[in-house]
Amino acid sequence: MTSAQADLTRNQSLVLRVLNEAGTPMSAYDILDRLRESGMRAPLQVYRALEKLIEHGNVHRLESLNAFVACSHAKCHDSGFIAFAICESCGNVSEFSDPEVTSRLAAWTQRNSFRAAKTTIEIRGECSACAGA
Ligand SMILES: [Zn+2]
Ligand SMILES: [Zn+2]
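Computed from a predicted structure; not experimentally measured. (Residues numbered from 1 in each chain as written. Chains lettered and ligands numbered in written order. Predicted model: local features only at pLDDT ≥ 70, side-chain atom pairs only at ≥ 80, totals over all residues. Heavy atoms only, no water.)

## A few points about the packing of helix 3 (residues 28-35) against helix 4 (residues 43-56)
In step 1: Two elements in contact, helix 3 and helix 4, have axes whose closest approach is 9 Å; the angle formed by their N-to-C orientations is 110 degrees. With respect to helix 4, the element helix 3 is oriented roughly perpendicular. Here helix 3 and helix 4 pass one another in a crossing that is right-handed. Packed against helix 3, whose contacting residues are Ala-28, Tyr-29, Ile-31 and Leu-32, the element helix 4 presents Pro-43, Val-46, Tyr-47 and Leu-50 at the interface.
In step 2: Of the residues contributing to the contact of helix 3 with helix 4, the split by class is eight nonpolar, no polar and no charged. (Axes fitted to C-alpha atoms, helices over the stretch in contact; angles between N-to-C directions. Helix = DSSP H or I, 4+ residues; strand = E, 2+ residues; numbered from the N terminus. Parallel < 35°, antiparallel > 145°, perpendicular 65-115°, else oblique. Left-handed = near helix turned anticlockwise from the far one by under 90°. Contact = heavy atoms within 4.5 Å. Nonpolar A, V, L, I, M, F, W, Y, C, P; charged D, E, K, R; others polar.)

Right, dumping it as structure tokens:
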């Protein structure tokens, strides 16, 4: 357990646990459904917890799915660039980063004087397991 995780509130820990157990992206409402028995009632509670977890780097938001997924790389935020390969058949998500892509993107933003705050790449398609079936 890192110190960042120790600082989590009860709601944040609950939300993170659900996402870790799922291992696949979930909408805020899916998360809420799993936490009703733990006393969570309002979507706003889930959204607040997610907001903090994203800030801490425990969770990522997948824009194209409007869903949330637990971070699978403790150090992914150091690279400033995260890529997700999303399988449209089974919903599996692989998170990765690549130093070559990172430096290409950095070169472009420097050339164009663009101040990048965040870079997320989402690849949609079929994972190897689904493509091979
Ligand atoms: Zn991550
Ligand atoms: Zn798949």
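## Description of the side chain of His-60
In step 1: Tracing the backbone shows His-60 in strand 1 (residues 59-62).
In step 2: In terms of polar contacts, His-60 uses its side chain to reach the side chain of Glu-95, at 3.1 Å. (Polar contact = N/O pair within 3.5 Å; in protein donor to acceptor, adjacent residues only side chain to side chain.)

## Focus on the packing of helix 2 (residues 10-22) against helix 4
In step 1: Across the interface, helix 2 lies against helix 4 with an axial gap of 9 Å and an inter-helix angle of 80 degrees. On the basis of their axis angle, the class for helix 2 and helix 4 is roughly perpendicular. Within the contact between the two elements, helix 2 uses Asn-11, Gln-12, Val-15, Leu-16 and Leu-19 and helix 4 uses Gln-45, Ala-49, Leu-50, Lys-52, Leu-53 and His-56.
In step 2: Of the residues assigned to the contact of helix 2 with helix 4, the class counts are six nonpolar, four polar and one charged.

## What to know about the packing of aromatic side chains
In step 1: Counted by the stated rule, this structure contains one aromatic pair.
In step 2: Summarising the aromatic geometry, the rings of Trp-108 and Phe-114 are spaced 6.3 Å apart at their centres and angled 55 degrees between planes, so their arrangement reads as tilted.
In step 3: Exposure remark for Trp-108: the relative accessible area of 43% places this residue in the partly exposed category.
In step 4: Assessed through its relative accessible area of 51%, Phe-114 is described here as exposed. (Phe/Tyr/Trp six-rings, centres within 6.5 Å; stacked < 30°, edge-to-face > 60°. Buried < 20%, exposed > 50% of the residue type's maximum accessible area, 1.4 Å probe, protein only.)

## With respect to the pattern of salt bridges
In step 1: Following the criterion strictly, the structure yields six salt bridges and no others.
In step 2: With a shortest N-O distance of 3.2 Å, Lys-52 and Glu-55 are connected by a salt bridge. Here the residue Lys-52 and the residue Glu-55 both occupy positions in helix 4, the gap between them amounting to three residues, near one helical turn.
In step 3: For Arg-124, the salt bridge identified is with Glu-88, shortest N-O distance 3.1 Å. Of this pair, Arg-124 sits in strand 5 (residues 119-125) while Glu-88 is found in the loop between strand 3 (81-87) and strand 4 (93-96), placing the two residues 36 residues apart along the sequence.
In step 4: The structure contains a network of salt bridges with shared partners spanning Arg-61, Glu-63 and Lys-118. (Salt bridge = Lys/Arg side-chain N within 4 Å of Asp/Glu carboxyl O.)

## Some details on the sheet that holds strand 4
In step 1: If you trace the three strands from one edge of the open sheet to the other, you get 4-3-5, paired in mixed fashion. Strand pairing shows two members of the sheet lacking a second neighbour, strand 4 and strand 5, which therefore form its edges. When strand polarity is set aside, the average angle formed by the axes of neighbouring strands in this sheet is 15 degrees.
In step 2: Bridge count for strand 3 against strand 4 is four bridges, and the pairing is antiparallel. (Pairing = 2+ DSSP bridges.)

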